[in-house]
Amino acid sequence: MATEFNFTGLHPAFLEAVKRHEPSIAFTLTDGVGKFAFLLFMKTDSSGKIVWGQLELFILLARNG
């Protein structure tokens, strides 16, 4: 059984984070008994601009119950 996630709805949140120079986005998803936490960190330079080749994504997996 494969689980597919559609992240296209995150585009406005990503653009808002870039606009505000906020270097991180975090959100959770629940699928059945599984819970997923996604943490996206955007590295910035000394002037606060995002370094696009240095994005880091962490995914934490948990099980409900």
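Values in this document were obtained by computation on a predicted structure and should not be read as measured data.

**Student:** Describe in detail the overall build of the protein, supporting the description with residues and values.
**Tutor:** Within the protein, the secondary structure is distributed over one helix and three strands. When the helices and strands of the protein are placed in sequence order, the string is α-β-β-β. In terms of overall dimensions, the protein has a C-alpha envelope of 45 × 20 × 20 Å along the principal axes. Across the 65 residues of the protein, 15% fall into the buried class. Put simply, the protein shows about 5200 Å² of open surface, and 58% of that area lies on carbon and sulfur atoms. The positive charge centre, built from 6 side chains, and the negative charge centre, built from 6, are 4 Å apart in the protein.

**Student:** Could you give an account of the environment of Leu55, naming the residues involved and the relevant values?
**Tutor:** Along the polypeptide, Leu55 turns up in strand S3 (residues 50-63). Its relative accessible area of 37% is what places Leu55 among the partly exposed residues. As for Leu55 and Leu40, which are separated by 15 residues in sequence, their C-alpha atoms are 7.2 Å apart. Apart from residues lying up to four places away in sequence, Leu55 is in contact with Leu40, Phe41, Met42 and Ile50.

**Student:** Please provide a residue-by-residue account of the environment of Asn6, values included.
**Tutor:** Among the structural elements, Asn6 can be located in the segment before helix H1 (11-19). Taking the relative accessible area as the measure of exposure, Asn6 reaches 63% and is therefore exposed. Note: C-alpha distance between Asn6 and Ile50 (44 residues apart in sequence) is 24 Å.

**Student:** Could you give me a rundown of the sheet that holds S3, with the residues and numbers involved?
**Tutor:** With respect to topology, three strands assemble into an open sheet ordered S1-S2-S3, the strand pairing being antiparallel. Looking at strand neighbours, the two that pair on one side only are strand S1 (24-31) and S3, the edges of this open sheet. Between one strand axis and the next, the sheet turns by 15° as a mean value, whatever way the strands run. Here ten bridges tie strand S2 (residues 34-44) to S3, and the two strands are oriented antiparallel to one another. Pairing of Lys35 across the sheet is with Ala62, part of S3. On top of the sheet, H1 reaches S1, S2 and S3; it is set at about 35° to S2, its chief contact.

About the cut-offs
Residues numbered from 1 in each chain as written. Predicted model: local features only at pLDDT ≥ 70, side-chain atom pairs only at ≥ 80, totals over all residues. Heavy atoms only, no water. Helix = DSSP H or I, 4+ residues; strand = E, 2+ residues; numbered from the N terminus. Buried < 20%, exposed > 50% of the residue type's maximum accessible area, 1.4 Å probe, protein only. Areas by Shrake-Rupley, 256 points an atom, 1.4 Å probe, with all protein chains shown as cover. Lys, Arg positive; Asp, Glu negative; His and termini not counted. Charge placed at Lys NZ, Arg CZ, Asp CG, Glu CD. Contact = heavy atoms within 4.5 Å. Pairing = 2+ DSSP bridges. Axes fitted to C-alpha atoms, helices over the stretch in contact; angles between N-to-C directions.

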